[in-house]
Structure formats: C-alpha cells, structure tokens
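# Structural overview for review
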Amino acid sequence: GSGDKINVFPSRMILTVMKLRLKGAQKGHSLLKKKSDALTMKFRATLKKIIENKTVMGEVMKTVYFSLAEAAYAAGDISQTVIQNADKAQNKIKFTKDNVAGVQLTNFTMHTEGSDVYQLTGLGKGGQTVTRCKETAQKAIKLLVELASLQTSFITLDEAI
C-alpha cells in the first residue's frame with residue numbers, strides 16, 4: 001500500500017543508499033530462505049526416520065514380549081533375582097546438542113557402563129533364554145532412546161519452522 005514507499009529526495013547519494021539497502025534486504029532474504037530450506041530438509045529426514053523406527057519398534061516389542069515369555073517358561077520367575085541384583089544402572093543416557101542452521105537439537109545416546117551383573121542369572125536353568133531375553137530388551141531400549149531423540153528433534157524443528 002501507500003505505507004511501503006519511502007519519501008526521499010532524488011539525488012545520486014540517495015540512489016546509492018537505496019541500492020545498498022535493497023542489496024542488504026535481498027541478501028537477508030536469501031539467508032533466511034537457505035535456513036528455512038535446511039530446517040525443512042532436516043524436518044523431513046527426521047520424520048522419515050521416526051516412521052521407520054516406529055515400524056521397527058512394533059516388531060522389536062513383539063520379540064521382547066515373546067522372549068520374556070520364553071525366559072519365564074524356561075527359568076521360572078526371575079523377577080526377584082533381577083530386583084535383588086539391581087543396585088546401579090548399567091545403561092545410561094547421554095545427551096548432546098547439535099546445531100542445525102542456528103537451531104539447537106537435542107540428541108540422546110545410550111551407552112553401557114560397568115560389568116554385566118546378570119551374567120550368572122538363570123545359570124542353573126534356562127540361562128541362554130534369559131540372556132537372549134536381556135539382549136532383545138536392550139535392543140528395544142536402544143531403539144526407544146533413538147526414537148525419543150528423533151521425536152525431541154522433530155518437536156524442536158516444528159517449533160522453529
């Protein structure tokens with residue numbers, strides 16, 4: 001409208017100033033466009049990974065429940081043994097920040113510390129089944145941590161865009 005015009009006195013000096021202002025505005029616009037494109041690309045990639053992980057998660061959780069049932073059948077009720085041996089967390093979550101086009105994204109990673117306190121659990125009966133159950137549960141936990149990281153990044157990107 002009429003508010004978009006700048007009243008200036010027509011001279012060579014003003015022409016140069018206006019050209020510089022236009023060039024600055026165009027440069028700013030192109031930088032914002034690049035930032036927006038980078039965030040949109042990361043947003044789409046994150047969404048794709050979330051969908052893949054959720055699909056895999058369904059299968060992994062089925063495997064975990066089946067493995068738990070196998071362990072309960074082979075070794076009996078091992079819950080009391082697990083509770084007695086649980087004094088310190090073996091799996092820990094570490095988080096880092098990534099910078100994508102000026103937006104801080106939080107990433108979670110799981111790492112294992114210390115020795116395996118459940119090495120001898122179920123040694124007398126069904127030890128292999130209990131170990132297999134533990135390994136499938138750790139896969140599920142790792143996948144859950146990755147999914148949590150992706151969803152946190154997704155929400156942050158959604159707010160930024």
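What you see is a predicted model, and the numbers here were worked out from it, not measured in a lab. (Residues numbered from 1 in each chain as written. Predicted model: local features only at pLDDT ≥ 70, side-chain atom pairs only at ≥ 80, totals over all residues. Heavy atoms only, no water.)

### A look at the overall build of the chain
Using the following cut-off: Numbering of helices and strands runs from the N terminus, with a helix taken as a DSSP run of H or I at least four residues long and a strand as a DSSP run of E at least two residues long. Classification of residues uses two cut-offs on accessible area relative to the type maximum, computed with a 1.4 Å probe and protein chains only: under 20% is buried, over 50% is exposed, and between them is partly exposed. The contact criterion used is simple: two residues touch if any of their non-hydrogen atoms lie within 4.5 Å.
Across its full length, the chain holds three helices and two strands. Traced from its N-terminal end to its C-terminal end, the chain shows the element sequence α-α-β-β-α. Looking at the 161 residues of the chain, the share that counts as buried comes to 20%. For the chain, long-range pairs separated by at least 24 residues make up 71% of all intrachain contacts whose partners lie at least 6 apart in sequence.

### Digging into the side chain of Asn53
Its location among the elements puts Asn53 in helix 1 (residues 12-75). Look past the residues within four positions of Asn53 in its chain and what remains in contact with it is Leu143, Glu146, Leu147 and Leu150.

### Examining the side chain of Ser149
Among the structural elements, Ser149 can be located in helix 3 (residues 127-160). In contact with Ser149, not counting residues within four places along its chain, are Thr106, Asn107 and Phe108.

### A look at the pattern of salt bridges
The line we're drawing: The working definition used for a salt bridge is a side-chain nitrogen of Lys or Arg within 4 Å of a carboxyl oxygen of Asp or Glu.
Evaluated as defined, the whole model comprises two salt bridges. Its salt-bridge partner being Lys33, residue Asp37 comes within 3.5 Å of it at the nearest N-O pair. One end of the pair is Asp37 and the other is Lys33, both in helix 1 and four residues apart, which spans about a single turn. In this structure Asp37 comes out as partly exposed when scored by relative accessible area, which is 36%. Judged by its relative accessible area of 47%, Lys33 is partly exposed. In this structure, the salt-bridge partner of Glu59 is Lys62, at a minimum N-O distance of 3.6 Å. With Glu59 and Lys62 both in helix 1 and three residues apart, this pair spans about one turn of that helix. Residue classification places Lys62 among the exposed positions, given a relative accessible area of 55%.

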